[in-house]
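What the coordinates show
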Amino acid sequence: MNKIYLYIILMAVVTYLIRALPLTLIRKNIKSRFIRSFLFYVPYATLAAMTFPAILSATDYLASSLAGFAVALILAFNKRSLLTVAGCACAAAFVVEIFLRMA
Amino acid sequence: MKVGSIDEFKQGCKHAVPVCLGYLAVSFAFGIEASKIGMTTFQAAMTSLLNVTSAGQFSALEVIARNGSFVELAVLQFIINLRYMLMSTALSQKLKPEVSVGHRLAISYGVTDEIFALSFFRKGELYPLYSYGLIVTSVLGWVTGTILGSVAGQLLPERLISCLGLAIYGMFIAIIIPDTRKSRALLTVVVSAMLLSTIFTYAPVLKLISGGFRIIIVTVVVAALAALICPRQDEEGSDE
């Protein structure tokens, strides 16, 4: 189980260096338009890839996962807050699962 | 005065209250997931305290759960958290040059999407004490939520936990979807990343690639193509 601490410390060091190096070393703007654009798109691509198709197996049933996914998409598209989107997605899945377990 | 007054610190704390609440909910989900793969509450809390990165921590769980390699974990964290480099770079311009390296190192600890947004759009000068207020309040929520989630994960009934697994994805969707309304390029990036990720998950041979590397490959390919085909205008870069 000591390996878990090595994992935690390794990721902490990597993440900290990413944050600290630019803030301490770089004081000029990044000139490369490609790198600037790439860095801009990275979070969107990462989060999208992490969300789908993993969200389909986030709960015990495909149907409840789909319900949560749909609710989250609709609310997010209407610019609801982070908390509302996450909470309602869970609630939708929970309601669907209640029906599934009764059936 | 370079550090700022105690009022700066108080303002930072106050402005970070919504972030603190949001973090409570998200890290609650992280705590649950962490307990699912067998992490103790102390280990989960330590992960949150030392990393303060939602996407990074969630993705790390997957690697840790299947005893993945250290190299894979390091590369995964590097790619997923690469965006912090852009944010740190932007913040380095916002801080006055006379702010010392010590303060810069301390502020670096708390560069997250939300704290960055509050610091960067702070009117007037950005003082280290304001940043510390933001960081202390946000991290308090982040670690507390993790502990509560980890304990709850061991206590709550399975059917409730099953649904809470959606919270993190709901959060990701809430972050990326609203911006796709403003930009065709972003919409294409999000849809392509989801499609490519689906192909990598189910296609023969490709599905053998581990989850962590799948996300790295999809991210680099999609973001690089988007940057080539649809580079950002300079004036757009400031409105993130």
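Residues numbered from 1 in each chain as written. Chains lettered and ligands numbered in written order. Predicted model: local features only at pLDDT ≥ 70, side-chain atom pairs only at ≥ 80, totals over all residues.

In this section: the overall build of chain A. Across its full length, chain A holds four helices and zero strands. Seen in sequence order, chain A has helices and strands lined up from the N terminus as α-α-α-α. Computed over its C-alpha atoms, the radius of gyration of chain A comes to 20 Å, more than 25% above the 13 Å expected for a compact globule of 103 residues. By the burial criterion, 47% of the 103 residues in chain A qualify as buried. (Helix = DSSP H or I, 4+ residues; strand = E, 2+ residues; numbered from the N terminus. Rg over C-alpha atoms; globule rule 2.2 N^0.38 Å. Buried ≥ 20, exposed ≤ 12 C-beta atoms within 10 Å, placed from the backbone.)

Turning to the packing of helix H2 (residues 17-36) of chain B against helix H4 (residues 54-65) of chain B, a few remarks are in order. Residues and elements named next belong to chain B. Close contact between H2 and H4 brings their axes to 10 Å; oriented N to C, the two are set at 15 degrees. The orientation of H2 with respect to H4, classified from their angle, is roughly parallel. The handedness of the crossing between H2 and H4 comes out as left-handed. Contacts between H2 and H4 involve Val-26, Phe-30, Glu-33 and Ala-34 from the first element and Ser-54, Gln-57, Phe-58 and Leu-61 from the second. (Axes fitted to C-alpha atoms, helices over the stretch in contact; angles between N-to-C directions. Parallel < 35°, antiparallel > 145°, perpendicular 65-115°, else oblique. Left-handed = near helix turned anticlockwise from the far one by under 90°. Contact = placed C-beta atoms within 7 Å.)

Taken residue by residue, the interface counts 59 residues in chain A and 77 residues in chain B. Among the secondary structure elements, those contributing two or more residues to the side of chain A that touches chain B are helix H1 (2-25), helix H2 (33-51), helix H3 (62-77) and helix H4 (82-102) of chain A. In terms of residues, the side of chain A that touches chain B owes the most to one element, H2 of chain A, which gives 18 residues. Its residues assigned to classes, the side of chain A that touches chain B shows 43 nonpolar, nine polar and seven charged. (Nonpolar A, V, L, I, M, F, W, Y, C, P; charged D, E, K, R; others polar.)

Right, let's talk about the packing of helix H1 (residues 6-15) of chain B against helix H9 (residues 128-155) of chain B for a bit. All names here are of chain B. Where H1 meets H9, the closest approach of the two axes is 7 Å, and the angle between their N-to-C directions is 35 degrees. Note that H1 runs across H9; the crossing there is right-handed. Judged by residue contacts, Glu-8, Phe-9, Lys-10, Gln-11, Gly-12, Cys-13 and His-15 of H1 engage Leu-129, Tyr-130, Ser-131, Tyr-132, Gly-133, Leu-134, Val-136 and Thr-137 from H9.

So, about helix H5 (residues 70-80) of chain B. Listed in full, the buried residues belonging to H5 of chain B are Leu-73, Leu-76, Gln-77, Ile-79 and Ile-80 of chain B. The buried residues of H5 of chain B occupy one face: seen down the axis, they fall within an arc of 165 degrees. (Arc of directions from axis to C-beta.)

Here we come to the confidence of the model for chain A. Mean pLDDT for chain A: 88, with 95% of residues reaching 70 or above. Looking across chain A, the model is least confident in H2 of chain A, with a mean pLDDT of 84, and most confident in H3 of chain A, with 96. (pLDDT = per-residue confidence, 0-100.)

Once that is clear, we can look at unusual backbone geometry. Between Phe-52 of chain A and the following residue, Pro-53 of chain A, the backbone shows a cis peptide bond with an omega angle of 5 degrees. Residue placement: Pro-53 of chain A occurs in the loop between H2 and H3. Of note, the phi angle at Val-52 of chain B is positive, near 45 degrees, even though the residue is not glycine. One can find Val-52 of chain B in the loop between helix H3 (41-51) and H4. A count of 25 C-beta atoms within 10 Å places Val-52 of chain B in the buried class. Despite not being glycine, Asn-67 of chain B shows a phi value in the positive range, around 60 degrees.

With that settled, consider the environment of Pro-53 of chain A. In this structure Pro-53 of chain A comes out as partly exposed when scored by C-beta crowding, with 17 C-beta atoms within 10 Å. Look past the residues within four positions of Pro-53 of chain A in its chain and what remains in contact with it is Ser-197, Thr-198 and Thr-201 of chain B.

Now for the domain arrangement of chain B. All names here are of chain B. On domain assignment, one finds that chain B holds domain 1 (6-176) and domain 2 (183-240). Centre-to-centre, using C-alpha coordinates, domain 1 lies 23 Å away from domain 2. Contacts between domain 1 and domain 2 engage nine residues on the former and nine residues on the latter. Elements represented by at least two residues in the side of domain 1 that touches domain 2 include exactly H4 and H5. Here the side of domain 1 that touches domain 2 takes four residues from H5, the largest share from any one element. Tallied by class, residues from the side of domain 1 that touches domain 2 come to five nonpolar, two polar and two charged. (Domains from an automatic or database assignment.)

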